[in-house]
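Listed below are the residues making up each chain.
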Amino acid sequence: MEQLNKVTPVIVMLSTLLLAQTAIANTVKTHSFGAQLSGGSAQYKNSEQDGGGVAQLYLHYNYAFNEMFSLEVGLNGAQDADDWDCSDKKEDKFTCSKNEKKLFGMDADKLEYSNLVIAAKGNYALSQRNSLYGKLGVQFYDYEISKSKSILVEEDGVGLFLEAGWGYQWDNGLAVNVGIQSIDMGDLDTAGATIGMRYHF
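In this report, the structure presented in the accompanying data block is examined. Residue indices begin from 1 for each chain and proceed along its sequence in written order. Note on the predicted model: pLDDT of at least 70 is required for a residue's local features to be given, and 80 or more for side-chain atom pairs to be given and counted; whole-chain, interface and lining totals, by contrast, use all residues. Where side-chain values are given, they derive from all heavy atoms of the structure, hydrogens and water being excluded.

### Some points on the overall build of the chain
Here comes step 1: Scanning the chain from N- to C-terminus turns up one helix and ten strands.
Here comes step 2: Numbering of helices and strands runs from the N terminus; a helix is a DSSP stretch of H or I covering at least four residues, while a strand is a stretch of E covering at least two. Along the chain, helices and strands appear, N-terminal first, in the series α-β-β-β-β-β-β-β-β-β-β.
Here comes step 3: Looking at the chain as a whole, 29% of its 201 residues are labelled buried.
Here comes step 4: Contacts in the chain between residues far apart in sequence, at least 24 positions, make up 57% of those at least 6 positions apart.
Here comes step 5: Here the Shrake-Rupley method, with its probe set to 1.4 Å, supplies the accessible areas, and only the displayed protein chains count as covering residues. Total accessible area computed for the chain in this model is approximately 12400 Å², and 60% of it derives from carbon and sulfur atoms. Burial classification: accessible surface area is computed with a 1.4 Å probe over protein chains only, and a residue below 20% of its type maximum counts as buried, one above 50% as exposed, and the rest as partly exposed. The contact criterion used throughout is that any non-hydrogen atoms of two residues lie within 4.5 Å.

What follows is the structure, given as structure tokens:
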């Protein structure tokens, strides 16, 4: 009987810890996958002649350590956005033509880049569903500036990745976010707005 009295508090303590861990696991969904579309501007060696700007698609995975902090790994692909001029010339028929603006004052007509991103993400809850977030990390970049498929500049390296914004999450694990993003790729810098969706599980 005396041994049972000694063991009982230990069993109660272990049960309490197990229940606490289960409760934490149920409130924080550890994994998430997401996709973001972004649009903005590019600057190369202080030249802002980026044509119609840049468009990006960013795919990412997050591992949440708790409700506030997570680790993100993602792949970003982007290119310069086409700029079109449209006019109503004949009886409500629109005629559109591609505006071939030269890029960065160097007679280039194409910009493409990709990034492998590793970032820390922080969340600050405003309510049960609303939160503010920030991302700080590094990205391994590779970009090309070309003219008529002839490469004028080709660079790769490591730079800074920054993003901040607002997110909204439903109980079923779906979430949306809007934010602003900045990517430093040495002589090439991009900045713009982003909108995305992700799924937590």
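Next comes the rest of the description.
### Regarding the pairing of strand β3 (residues 69-80)
Here comes step 1: Two strands form a pair only when DSSP identifies at least two bridges running between them. Bridging between strand β2 (residues 54-64) and β3 involves eleven bridges; their strand directions are antiparallel. Considered in β3, the bridge of His-60 is made with Gly-74.
Here comes step 2: Where β2 hands over to β3, the hairpin turn is made up of four residues, counted between the paired strands.
Here comes step 3: Summarising the sheet, β3 and strand β6 (residues 110-125) pair through eleven bridges and their orientation is antiparallel. Looking across to β6, one finds that Val-73 is bridged to Ile-118.

### Examining the sheet that holds strand β1 (residues 31-44)
Here comes step 1: The strand order around the closed barrel formed by eight strands is β1-β2-β3-β6-β7-β8-β9-β10, and the pairing between neighbours is antiparallel. Across the sheet, the mean angle separating the axes of adjacent strands is 20° when strand polarity is ignored. Orientation is described by lines fitted to C-alpha atoms, with helices fitted over the stretch in contact, and by angles between N-to-C directions that extend from 0 to 180 degrees.

### Concerning the side chain of Gln-36
Here comes step 1: Position of Gln-36 relative to the elements: it lies in strand β1.
Here comes step 2: Under the relative-accessibility criterion, Gln-36 is labelled buried at 2%.
Here comes step 3: Here a polar contact is taken to be a pair of N or O atoms separated by no more than 3.5 Å, where protein atoms must pair a possible hydrogen donor with a possible acceptor and residues adjacent in sequence count only if both atoms sit in side chains. Separated by 3.4 Å, the side chains of Gln-36 and Lys-135 make a polar contact.
Here comes step 4: A polar side-chain atom of Gln-36 sits 2.9 Å from a polar atom in the side chain of Thr-194.
Here comes step 5: Apart from the residues within four sequence positions on either side, Gln-36 is in contact with Gln-56, Leu-57, Tyr-58, His-60, Lys-135, Glu-163, Asn-177, Gln-181, Thr-194, Ile-195 and Gly-196.

### Focus on a nonpolar patch on the surface
Here comes step 1: Side chains of Tyr-63, Phe-65, Met-68, Phe-69, Leu-71, Val-73, Leu-75, Leu-116, Ile-118, Val-138, Phe-140 and Val-158 sit close together on the surface and give an oily, nonpolar patch of about 1100 Å² of accessible area.
Here comes step 2: At the level of secondary structure, the elements contributing two or more residues to the nonpolar patch comprise β3, β6 and β7 (130-147).
Here comes step 3: With four residues, β3 is the largest single contributor of residues to the nonpolar patch.
Here comes step 4: Tracing the sequence through the fold places Phe-69 in strand β3.
Here comes step 5: Overall, the relative accessible area of 48% leaves Phe-69 in the partly exposed class. Residues forming no salt bridge and having over 30% relative accessible area are the ones grouped into patches, like charges within 9 Å of each other and nonpolar side chains (Val, Leu, Ile, Met, Phe, Trp, Tyr) within 5 Å. We count a salt bridge whenever a side-chain nitrogen from Lys or Arg sits within 4 Å of a carboxyl oxygen from Asp or Glu.

### Observations concerning empty space enclosed by the protein
Here comes step 1: Site definitions follow a grid-based scheme: protein atoms alone, a 1 Å grid, a 1.4 Å probe that fits but cannot get out for cavities, and for pockets an open set with protein on both sides within 12 Å along at least five of seven lines, plus lining residues having an atom within 4 Å of a point. Grid points are joined across faces, edges and corners, and a volume is the space filled by probe spheres set on the points. Using the criterion set out here, one finds two cavities of 30 Å³ or more in the structure.
Here comes step 2: There is about 60 Å³ of room inside the largest cavity.
Here comes step 3: Lining the largest cavity are Ser-38, Gly-39, Gly-40, Val-54, Gln-56, Tyr-113, Gln-181, Thr-190, Ala-191, Gly-192 and Ala-193.
Here comes step 4: Broken down by secondary-structure element, the contributors of at least two residues to the lining of the largest cavity are β1, β2 and β10 (188-200).
Here comes step 5: With four residues, β10 is the single largest residue contributor to the lining of the largest cavity.
Here comes step 6: Partitioned by chemical class, the residues of the lining of the largest cavity number four nonpolar, seven polar and no charged.
Here comes step 7: Considering only enclosed or pocket space, the second largest cavity measures out at about 30 Å³ in volume.
Here comes step 8: For the lining of the second largest cavity, the secondary structure elements donating two or more residues are β1, β7 and β10. Under the scheme applied here, ten amino acids are nonpolar (Ala, Val, Leu, Ile, Met, Phe, Trp, Tyr, Cys and Pro), four are charged (Asp, Glu, Lys and Arg), and all others, including Gly, are polar.

### Remarks on the packing of aromatic side chains
Here comes step 1: Pairs were defined over the aromatic rings of Phe, Tyr and Trp, the Trp ring being its six-membered one, requiring ring centres within 6.5 Å. Orientation was assigned from the angle between planes: stacked under 30 degrees, edge-to-face over 60, tilted for the rest. Per the counting criterion, the structure on display carries ten aromatic pairs.
Here comes step 2: On the numbers, 6.1 Å between centres and 15° between planes, the contact of Tyr-199 with Phe-201 is stacked.
Here comes step 3: Residue classification places Phe-201 among the partly exposed residues on the basis of a relative accessible area of 41%.
Here comes step 4: Counting every residue linked through ring pairs, the aromatic cluster contains Phe-33, Tyr-61, Tyr-199 and Phe-201.
Here comes step 5: Note on geometry: a ring has a charge over it if NZ (lysine) or CZ (arginine) is within 6 Å of the ring centre and within 35 degrees of the ring normal. Stacked on the ring of Tyr-133, the Lys or Arg Lys-121 has its end atom at 5.1 Å from the ring centre.

These results come straight from atomic positions and should not be treated as a statement about function.
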